[in-house]
Amino acid sequence: QVQLVESGGGLVQAGGSLRLSCAASGLTFSIYGMGWFRQAPGKEREFVAAISRNVSTYYSDSVKGRFTISRDNAKNTMYLQMNSLKPGDTAVFSCAVGSRTLTTPEYTYWGQGTRVTVSS
């Protein structure tokens, strides 16, 4: 079975950094595009960043210049390096695998998420 497990979330002060990881199993990791989404309390899930099978990257305007998405196919792991965090980044971050469009939520597989809380 396909499993996606996020880790690396936590509590951080504004201006700080976190690195999220998404470890995948049960699939051929290298052939899939994948991405990160987040959902804040009382808000809809929104796109954060994505990376294609060819390592093209895409970012929402709100995180561009602060976040970096990457992947290590040998480790079956995707990462999201988050710098200069703001209180508005507070959300549950989920990884997703398998999409034609990458920046929309129509992914095949989802992890359960890791919580990020940014204090002011």
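Not measured: the values here are computed from a predicted model.

What follows deals with the packing of aromatic side chains. Applying the stated rule across the entire model yields four aromatic pairs. Seen in terms of ring centroids, F37 and Y107 are 5.5 Å apart; in terms of plane orientation they differ by 80 degrees. Their pairing is edge-to-face. Placement of F37 in strand β4 (residues 34-39) and of Y107 in the loop between β9 (91-97) and β10 (109-110) is noted, with a sequence separation of 70 residues between them. Of the residues examined, F37 reaches a relative accessible area of 1% and is grouped as buried. Residue placement shows R19 over the ring face of Y79; its charged tip is 4.0 Å from the ring centre. Its end group placed over the ring of W110, R45 keeps NZ or CZ at 4.1 Å from the ring centre.

As a further point, take the nonpolar core. Residues W36, V48, F67, M78, L80, M82 and F93 are the most contacted members of the largest nonpolar core, which totals 27 residues. Listed by contribution, the elements that provide at least two residues to this core are β3 (18-25), β4, β5 (46-51), β7 (67-72), β8 (77-82), β9 and β11 (114-119). F37, A50, L102 and Y107 belong to the second-largest nonpolar core, a separate cluster that totals six residues.

Per the counting criterion, the structure on display carries one disulfide. A disulfide bridge connects C22 with C95, and the sulfur atoms are separated by 2.1 Å. Torsion about the S-S bond of the C22 and C95 cystine: about 55 degrees, corresponding to right-handed handedness. Taken as a pair, C22 in strand β3 and C95 in strand β9 lie far apart in primary sequence, 73 residues in all. Each member of the pair, C22 together with C95, is buried.

What counts and what doesn't
- Residues numbered from 1 in each chain as written.
- Predicted model: local features only at pLDDT ≥ 70, side-chain atom pairs only at ≥ 80, totals over all residues.
- Heavy atoms only, no water.
- Phe/Tyr/Trp six-rings, centres within 6.5 Å; stacked < 30°, edge-to-face > 60°.
- Helix = DSSP H or I, 4+ residues; strand = E, 2+ residues; numbered from the N terminus.
- Buried < 20%, exposed > 50% of the residue type's maximum accessible area, 1.4 Å probe, protein only.
- Lys NZ or Arg CZ within 6 Å of the ring centre and 35° of its normal.
- Core = buried A, V, L, I, M, F, W, Y, C linked by side-chain atoms within 4.5 Å.
- Disulfide = S-S within 2.5 Å.

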